[in-house]
Amino acid sequence: MEKKAQIWIESVLYTLIGLAIIGLLIAVMRPKINQTQDQFVIQQTIRALNEMDNKILEIKQATGNRRIIEFQLSKGELTIIGDSDRIEWKLLGSTYMYSEPGSIAWINNMKVMTEKVSDKYDITLTLDYKNKNDLLIDSQQTSRTLQPAKTPYSLTVENAGQDSQSKLIKVDFSVQ
């Protein structure tokens, strides 16, 4: 009877020690896992924004050209700013430092800015079309912010012709 009790006590003790070790490993590895996830999201968004930039270049060939862009937004927020002709993606509170904080880096036509906020980083990716294109959202000079979603956004980008005053191509976005 005493031997059976000792076996049960040892089993419970070993199980608790094993769980404590697993918990400790998870606590130590969690920041690295979050950092890797943020790095992946940033790289994925850079590819998606480069694809969007290429679609905008494609539609500029002729008035009426239209392209549909599937944009997956799992973290951060995407803002199309018609007033200042910019497309911005921001990831606030990232554990991953993408570039040197406070300095601007360029990837193709995209401006990358990393800002240090306490022990985290705010990452901003910007496609600036100032003096290149006139960005519109549903034919209006307005802004639209897209929040993270499980399903991809379907963005329609259309060449709405040339603006008579500025002579810039009007790039009209609509979001479904």
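Reading guide: rules and limits
- Residue positions are counted from 1 within each chain, in the order its sequence is given.
- For this predicted model, a pLDDT threshold of at least 70 governs which residues receive local features, and a threshold of 80 or more governs which side-chain atom pairs are given and counted, while totals over whole chains, interfaces and linings are taken from all residues.
- Side-chain numbers here rest on the full set of heavy atoms in the structure, without hydrogens or water.
- Comment: elements are numbered from the N terminus, with helices defined as DSSP H or I runs of at least four residues and strands as E runs of at least two.
- Only heavy atoms matter for contacts: two residues are in contact if any of them lie within 4.5 Å across the pair.
- Any two strands with at least two DSSP-identified bridges between them are counted as paired.
- Burial status follows relative accessibility: with a 1.4 Å probe on protein chains alone, a residue under 20% of its type maximum counts as buried, one over 50% as exposed, and anything between as partly exposed.
- Positive charges come from Lys and Arg alone, negative charges from Asp and Glu alone, with His and the N- and C-terminal ends not counted.
- The term salt bridge refers to a side-chain nitrogen of Lys or Arg lying within 4 Å of a carboxyl oxygen of Asp or Glu.
- By nonpolar core is meant a set of buried Ala, Val, Leu, Ile, Met, Phe, Trp, Tyr and Cys residues that side-chain atoms within 4.5 Å join together.
- To get an axis, a line is fitted to the C-alpha atoms, and for a helix only the part in contact is used. The angle between two axes follows their N-to-C directions and goes from 0 to 180 degrees.

**So, the environment of Tyr 121**
- Structurally, the position occupied by Tyr 121 is in strand β6 (residues 120-128).
- Not counting residues up to four positions away in its chain, the partners in contact with Tyr 121 are Leu 91, Leu 92, Gly 93, Ser 94, Thr 95, Tyr 96, Met 97, Pro 101, Thr 114, Glu 115 and Lys 116.

**Examining the pairing of strand β3 (residues 86-94)**
- Bridge count between strand β2 (residues 77-81) and β3: 5 bridges; the pairing is antiparallel. Bridged to Glu 77 within β3 is Lys 90.
- The hairpin formed by β2 and β3 contains 4 residues between the paired strands, and Asp 85 there has a positive phi angle of roughly 55°.
- Sheet analysis places β3 next to β6, joined by 7 bridges and oriented antiparallel. The residue of β6 that forms the bridge with Arg 86 is Asp 128.

**What about the side chain of Asp 134?**
- Locating Asp 134 in the fold gives a position in strand β7 (residues 133-137).
- The side chain of Asp 134 sits in the buried core without any salt bridge; Lys 170 is the nearest counter-charge, 6.3 Å away.

**Focus: the nonpolar core**
- Residues Leu 49, Met 52, Leu 78, Ile 87, Trp 89 and Phe 173 are the most contacted members of the largest nonpolar core, which totals 34 residues.
- With residues up to four places along the chain from it excluded, the contact list for Ile 87 reads Leu 49, Met 52, Ile 56, Leu 78, Thr 79, Ile 80, Leu 125, Thr 126, Leu 127, Tyr 129, Leu 135 and Phe 173.

**Looking at the sheet that holds β6**
- Taken together, 6 strands build an open sheet; the order of strands is β4-β5-β6-β3-β2-β8 and the sheet is antiparallel. Where the open sheet ends on each side, the last strands, each with one partner, are β4 (104-107) and β8 (143-146). Between one strand axis and the next, the sheet turns through 20° on average, direction left out of account.

**Here we look at the sheet that holds strand β9 (residues 153-162)**
- Spatial ordering of the open sheet is given by β1-β9-β10-β7, a layout of 4 strands whose pairing is mixed. A strand with exactly one partner marks an edge of an open sheet, and here the two such strands are β1 (66-71) and β7. Direction aside, neighbouring strands of the sheet carry axes that sit 25° apart on average.
- Pairing of β1 with β9 involves 6 bridges; the strand directions are antiparallel. Bridge pairing in β9 places Arg 66 opposite Glu 158.

**A word on unusual backbone geometry**
- Non-glycine residue Ser 118 carries a positive phi angle of around 50°.
- Structurally, the position occupied by Ser 118 is in the loop between β5 (110-117) and β6.
- Judged by its relative accessible area of 61%, Ser 118 is exposed.
- Although it is not a glycine, Asn 131 adopts a positive phi angle of roughly 65°.

**Topic: the pairing of β2**
- Burial analysis of β2 places 4 of its 5 residues in the buried class, which makes it a mostly covered element.
- Here β2 pairs with β8 via 4 bridges, running antiparallel. Within β8, the position partnered with Thr 79 by the bridge is Thr 145.

**Re the pattern of salt bridges**
- Going through the model one piece at a time under the given rule, you end up with 4 salt bridges.
- The partner of Glu 58 in a salt bridge is Arg 67, and the shortest N-O contact between them spans 2.8 Å.
- Owing to a relative accessible area of 34%, Glu 58 belongs among the partly exposed residues under this scheme.
- For Arg 67, a relative accessible area of 27% translates into the label partly exposed.
- As a salt-bridge pair, Glu 88 and Arg 86 come within 3.1 Å of each other at their nearest N and O atoms.
- Classification of Glu 88 by relative accessible area gives buried; the value is 14%.
- Taking the relative accessible area as the measure of exposure, Arg 86 reaches 24% and is therefore partly exposed.

Everything listed is a geometric property; what it means functionally is a separate question.
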